[in-house]
There are 2 protein chains.
Amino acid sequence: MAKRTLRKIEPVPFTQVSIEDDFWAPRQKINRDVTLNVQYEQLKSTGRLDAWTWKAGEPNQPHIFWDSDVAKWIEAGAYSLALHPDGQLEERIDAYIDAAAAAQEPDGYLNSHFIHVEPEKRWTNLRDWHELYCAGHLIEAAVAYYQATGKRKLLDVMCRYADLIDRTFGPNDGQMRGYPGHEEIELALVKLYRVTEEPRYLKLAQFFVEERGRQPHYYVIEAEQRDEKTKQSWVGDFSYNQANVPVREQTEVRGHAVRAGYFYAGVTDVGAELGDESLVQASKRLWNNLTQRRMYITGGVGPTHQNEGFTIDYDLPNESAYAETCASIALIFWAQRMLHVDPRRRYADVLERALYNCVLSGESLSGDAFFYTNRLAVYPPMEPFTPGGVGARRSDWFGCACCPPNLARLLASLGGYVYSKSEDALWVHLYVGSSVKLQLAGQEISLRQETDYPWNGQIQLKLWLNKPARFALMLRIPRWCPKARLLVNGEKVALGKVTSKGYARIERKWHDGDKIELLLSMPVERIEAHPKVRQDCGRVALQRGPLVYCLEEPDNGPDLNDIALPSGSAIEAEFDPDLLGGVVALTGEALRRDEDAFGKALYRPVGTDYRMIAFRAIPYYAWANRELGEMLVWLNAMV
Amino acid sequence: MAKRTLRKIEPVPFTQVSIEDDFWAPRQKINRDVTLNVQYEQLKSTGRLDAWTWKAGEPNQPHIFWDSDVAKWIEAGAYSLALHPDGQLEERIDAYIDAAAAAQEPDGYLNSHFIHVEPEKRWTNLRDWHELYCAGHLIEAAVAYYQATGKRKLLDVMCRYADLIDRTFGPNDGQMRGYPGHEEIELALVKLYRVTEEPRYLKLAQFFVEERGRQPHYYVIEAEQRDEKTKQSWVGDFSYNQANVPVREQTEVRGHAVRAGYFYAGVTDVGAELGDESLVQASKRLWNNLTQRRMYITGGVGPTHQNEGFTIDYDLPNESAYAETCASIALIFWAQRMLHVDPRRRYADVLERALYNCVLSGESLSGDAFFYTNRLAVYPPMEPFTPGGVGARRSDWFGCACCPPNLARLLASLGGYVYSKSEDALWVHLYVGSSVKLQLAGQEISLRQETDYPWNGQIQLKLWLNKPARFALMLRIPRWCPKARLLVNGEKVALGKVTSKGYARIERKWHDGDKIELLLSMPVERIEAHPKVRQDCGRVALQRGPLVYCLEEPDNGPDLNDIALPSGSAIEAEFDPDLLGGVVALTGEALRRDEDAFGKALYRPVGTDYRMIAFRAIPYYAWANRELGEMLVWLNAMV
């Protein structure tokens, strides 16, 4: 198969990037030292790690999606091992891989539930069960572990399984025309194709992408084979699985948000690798629908618990926001793929928004507790309706444990999102203190990025070259930034003239030791949402740089919704090293009504009993790390 | 049993009051001509009317609460017949009574489900099933039908059933110490006691009131007898049924809102009739909790569908408001009883609020469609999550059909809520154009009330006496009224000097033809809710007189939540005879943001792109009588 990728730029892989800042590097260390260990213990104690050797009658019967939980933890471990060797972690992963290899069926099949619990039901309910989803995650784990360690065992196991899947599913006689109910394997197969260069894996991904939603509908055929009366899904069509119509005909993101994100990431990958513009265009159309009408300011997506997903345009409830952590991680995957076929700031802006807000909120500062849902407003717990304050406190683990290891793998692989390269350029998408090494302009060059981002917008880049070379540095100027300045070796560069699609192109013959200074102004902004977002009318959110802020009860007392922010009042931003591990907090004055003036009245003609109060806002990602209490992103605003 | 009632005033019964105005009289006519007929057809076609003669194998197997639906319809018919004879209606009721009498078991038992479907389960699950609830409604029907027509057949049937219940339940050996899971019978037994003067019925009501929530808990005992593992209710205790602790220990209204309202009405009745101050005090405490912390501005109560009831103080969500029609009707029952033991305006104010807003909203202007839930904000339907716009369109009927006949009986009996009397006074609680005849000061006196209420606050009262007599007229000055004026035969009376507890006491020797003019000013008020009601912070509701207003999409277009009402701007009130059957509409100017200024952006730094628009608000009760669309009570307000 001829190479005709639509990727205009290529990511610089995680193995070449070392994060060395004060914001992410400590989080990656916690990820290694705490998160991977507590997740190992959870995977062990719940039986997931030993699912391959489970025997009937034993406790902890393997569940249909358990393999995926371990797979994401392995993937996280792999990214971590690439730059931080850890013998114990590697042994733990190898032991699991050995067990998986031993459990693999002679034909290549590999799923702990369907091997041990219901072997007769293999491939009988693609719509609801998770075989291909688990396969996808194990493939991702195998690729990452191979890239990080050079070890092929899991990769070989997964190639055998992928070969079986390739023989089983497809358009030919004797093959099943099915595709996963929970997408994931599409993007995984493209990864496998890239690392093995085996075109069958790309073709299989293409089949899964293109067959989805076609008539006669496979989920109906499958339901008939199961003798089920109800052929349709609970939502009336198959939009829950993004399978109501083929992807090229889809115009809005619908259904389960994690499935949607993984799927459209895969669609973009397949389109890019096949050189199929129509798939990339479909993905763009859906991306626009999502990011222009269905995304929280935190980068959270999928507002309702009812389908763990999407409802209608502009429906973004705050108090009941679902905004699953995994869905925003999937959004990041999708964003990264869009960015590489269409290098524009808009994708990196969304990637950054999701990363610094919804996703980072998904994990406690201590690295051992996790949010599944990421609300934008939290009020007192109401027993028995929201026991313990649902969505107000992070959990050690979940019965459906998709989010914790997903966070672990994203954090561990973060270096892979910072830089890309094209033939003549090095692209900087994210401002993260880090070092990168890459081949460019015929030599290995190094770049070191120093910054206190996201606390301020001063970024210093330094280049090391063996010999002078001509190439471009492509620097993202975030949309949130009203004013950017650039100096090269102390000389000012007029950004307006060189910036296109949100990236400043600094092209010249670079010399060893060249220094670039980028200054992104980071004022506190009051943000408003589109008038059709009914839940945010009359409200503003505070944002500074990439960070969305919130008010929390420990700083501001209860009844946060009665705090009204005056228009145009001063808001100070100051770094507080003792607050929440060190954050820039925002402080200012606002108004509250006087409860005493109400006496016992529940309602009264409007009064004027306001008093000025001082408020403090903290970065949204850092909320719920102190005592349980209220939280609010969208503040009542006085026009 | 000695009479030692705590009732300080006595209601003037519906049989003595004729409503003759342009607001309620047409609604009572629609109730007679349309509502009672369409409900008859529904009761017939669903099998409810023929439940007494149902046989195994036939369709329409009687449900445990069906008898109560018919009972409320009979009660409605009875109130209507008292002043508007209708041979067909009376025949229909008599036929049902004959069937009930024929079906009654020899021991007096009477419940269509437990006679025909599960006779072995009689009295085995008081917590969840509805035998005593149905009995209560049939008793109320029997009392009303006897009062209206003088016919005793149903009354006798229900006395036999009440006698059986009295033998079955009680504190003595061989009796069951149980009480209803769905309260209702308590207030019904007090009605039966008042009409029969049989003290056993009052004692039985007292037993049900006082036994409730005692330890050892009857619902636990009962669950053990059913060999059930789970002894507790789904909410963890029995607060769903107001049975977590005895009523004298209850400090907040909890659980199912209709049950709560009926129960506390009954508690007040029992306390009043027994002269038991402790019960009345308990009722007052709970009333205060409800009306000071848990009541919508519309008089709706019970915010959540989860228990069809109460959550915590100040939790009053608008878009998901449950606010069941029956719950506000129950609130009216409770209010009326409080008013009679403690004659203060606060009870009548709440009664009026619930009546003119939440309850009246429960029925279409055409009288043939009903709301079960009464939301305070409605947005576009979201298929499949809120199919067809749940709560946005009234229904012909419900599987659980408690609300429609409850509305019918309340409307038909409305005359009974207008006046009360005490030894030396005639009390006017509601301003409704009507005539009343009553014995007072040794003679029959008549009073005629003329008013266009609620459209304006001009009220004229005229007295007819055989001879001059000294007594007081007690006129409620509603809390919403900032300025009231009174003239007696054209001469001004200083209200401030004679008003106490919200009632103006006009005591003098009255003469035939005396004329009283009361002028209640009715400005448009912007109302704010207590700062702890998080859902209403930054918002105002418009109220004029007793009516709460709302914005509806047919008048104002979609995206109602983006309309911001400037502070202090003029709002005009004008009667429009062609709008919604004739209403006073409110009009004024407000601000909307300009969508175009957002382009494709979902979020942006706050702009100043506002435009002035004209808005029209209609009375809340009249919403959803035009095309489907948005509705909003609490408007975003600019401080």
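Rules of the game
- Residues numbered from 1 in each chain as written.
- Chains lettered and ligands numbered in written order.
- Predicted model: local features only at pLDDT ≥ 70, side-chain atom pairs only at ≥ 80, totals over all residues.
- Heavy atoms only, no water.
- Least-squares fit on C-alpha atoms with pLDDT ≥ 70 in both.
- Phe/Tyr/Trp six-rings, centres within 6.5 Å; stacked < 30°, edge-to-face > 60°.
- Helix = DSSP H or I, 4+ residues; strand = E, 2+ residues; numbered from the N terminus.
- Buried < 20%, exposed > 50% of the residue type's maximum accessible area, 1.4 Å probe, protein only.
- Pairing = 2+ DSSP bridges.
- Contact = heavy atoms within 4.5 Å.
- Axes fitted to C-alpha atoms, helices over the stretch in contact; angles between N-to-C directions.
- Expected span 1.5 Å × (residues − 1).
- Polar contact = N/O pair within 3.5 Å; in protein donor to acceptor, adjacent residues only side chain to side chain.
- Buried area = accessible area lost by both parts, 1.4 Å probe.
- Salt bridge = Lys/Arg side-chain N within 4 Å of Asp/Glu carboxyl O.
- Nonpolar A, V, L, I, M, F, W, Y, C, P; charged D, E, K, R; others polar.
- Domains from an automatic or database assignment.

> How should the relation of the copies chain A and chain B be read in this particular structure?
The two chain copies are related to each other by a rotation about an axis together with a translation along it. Under the fitted operation, chain A is carried onto chain B by 0.0 Å of movement along the axis and a turn of 180 degrees, and the coordinates agree to an RMSD of 0.1 Å. Here the copies are linked by what is in effect a two-fold axis. The position closest to the rotation axis in chain A is occupied by the C-alpha of A:Met638, lying 3.1 Å away.

> Looking at this structure, how should I read the packing of aromatic side chains?
The description of an aromatic ring pair uses the distance of the two centres, along with the angle that the planes make with each other. All names here are of chain B. Overall, the coordinates contain 66 aromatic pairs over all chains when judged by the stated rule. With centroids separated by 5.1 Å and ring planes inclined at 45 degrees, the aromatic side chains of Tyr179 and Tyr219 adopt a geometry described as tilted. Separated by 40 residues along the polypeptide, Tyr179 in the loop between α6 (153-168) and α7 (185-196) and Tyr219 in helix α9 (residues 218-225) bring together distant segments of the chain. Like Tyr219, Tyr179 is buried. Measuring from centroid to centroid gives 5.9 Å for Tyr356 and Tyr453, while their planes differ by 70 degrees, and the two rings are edge-to-face. With Tyr356 in helix α13 (residues 345-361) and Tyr453 in the loop between β7 (443-451) and β8 (458-464), this residue pair connects regions lying 97 residues apart in the sequence. Given a relative accessible area of 1%, Tyr453 falls into the buried group.

> I'm lost on the sheet that holds strand β9 (residues 469-476) of chain B in this one. Help?
Residue and element names in this part refer to chain B. Reading across from one edge, β1-β4-β5-β9-β13-β12 is the order of the six strands in this open sheet, with mixed pairing throughout. Looking along the sheet, the strands with just one partner apiece sit at the ends: β1 (10-11) and β12 (499-500). Sheet topology note: the β12/strand β13 (residues 503-510) ladder contains two bridges and is antiparallel. Following the sheet pairing, Ser500 is matched in β13 by Tyr503. Of the strands in this sheet, β9 and β13 touch α13, which is tilted by about 55 degrees from β9.

> I tried to follow α7(B) on my own but got confused; where do I start?
Each full turn of the α-helix corresponds to 3.6 residues, which orients residues three or four apart in the same direction. Residues and elements named next belong to chain B. Given a rise of 1.5 Å per residue, twelve residues ought to cover 16 Å, and the 16 Å separating the end C-alpha atoms of α7 matches this to within 8%. Of all twelve residues in α7, nine are buried; the element is thus mostly enclosed. By the burial criterion, the buried members of α7 are Ile185, Glu186, Leu187, Ala188, Leu189, Val190, Lys191, Leu192 and Tyr193. Tucked inside the fold, the buried residues of α7 contact α2 (66-83), α5 (131-149), α6, α8 (199-211), α10 (257-274) and α12 (325-341).

> Can you walk me through helix α3 (residues 87-103) of chain B in this structure?
All names here are of chain B. In a regular helix each residue adds 1.5 Å, so 17 residues correspond to 24 Å; α3 covers 24 Å between its end C-alpha atoms and thus fits that length. Looking at the buried residues of α3, the elements they touch are α1 (24-45), α2, α4 (112-116), α5 and α6. Capping of α3 at its N-terminal end is provided by Asp86; its side-chain oxygen lies 3.1 Å from the backbone amide nitrogen of Gln88.

> Please clarify how the interface of chain A and chain B should be interpreted in this entry.
Accessible area lost on assembly of the parts is the figure often given for the size of an interface. Each partner contributes to the interface: chain A provides 57 residues, whereas chain B provides 57 residues. Both sides together, the interface formed by chain A and chain B hides about 5,100 Å², and carbon and sulfur atoms give 62% of it. For chain A, the biggest contributors to the area lost against chain B are A:Phe385, A:Glu528 and A:Tyr603; these three give 16% of the whole. Counting the contacts that link chain A with chain B gives ten salt bridges. Between B:Arg534 and A:Glu319 there is a salt bridge, and its shortest N-O distance comes to 2.4 Å. For the interface between chain A and chain B, the tally reads 24 residue pairs in polar contact (both at pLDDT 80 or more). For the side of chain A that touches chain B, the elements supplying multiple residues, two or more each, are α11 (277-293), β15 (524-529) and β21 (603-605) of chain A. Looking at the side of chain A that touches chain B element by element, the count peaks at five residues for β15(A). Across the side of chain A that touches chain B, the residue classes tally to 31 nonpolar, eleven polar and 15 charged. Judged from the three bridges that link them, β15(A) and strand β21 (residues 603-605) of chain B form a sheet pairing that is antiparallel.

> How do you make sense of the pattern of salt bridges when you look at a structure like this?
Under the criterion given, the structure shown has 107 salt bridges over all chains. Here A:Asp156 makes a salt bridge to A:Arg152, at a shortest N to O gap of 3.2 Å. Across the salt bridge formed by A:Arg476 and A:Glu352, the nearest N and O atoms sit 2.7 Å from each other. With A:Arg476 in strand β9 (residues 469-476) and A:Glu352 in helix α13 (residues 345-361), the pair connects residues that are 124 residues apart, well separated along the chain. In this pair, the class of A:Arg476 matches that of A:Glu352, namely buried. Taken together, the shared-partner salt bridges connect A:Glu528, B:Asp562, B:Arg593, B:Arg604 and B:Asp609 into one network.

> Would you explain the domain arrangement of chain A in this entry?
All names here are of chain A. For chain A, the domain assignment lists domain 1 (26-414), domain 2 (424-520) and domain 3 (524-638). Centre-to-centre, using C-alpha coordinates, domain 1 lies 35 Å away from domain 3. Between domain 1 and domain 3, the residue contacts involve 31 residues of the former and 26 residues of the latter. Both faces considered, domain 1 and domain 3 share a buried interface measuring about 2,500 Å² in area, 59% of it formed by carbon and sulfur atoms. Among the residues domain 1 hides against domain 3, the three largest losses belong to Ile297, Tyr314 and Leu365. Together they make up 25% of the total. Linking domain 1 with domain 3 are one salt bridge. Here Asp315 ties to Arg534 by a salt bridge, and the two come within 3.3 Å at their closest N and O atoms. Elements supplying a minimum of two residues to the side of domain 1 that touches domain 3: α13 and β3 (377-378). If one sorts the elements of the side of domain 1 that touches domain 3 by residue count, α13 sits on top with seven residues.

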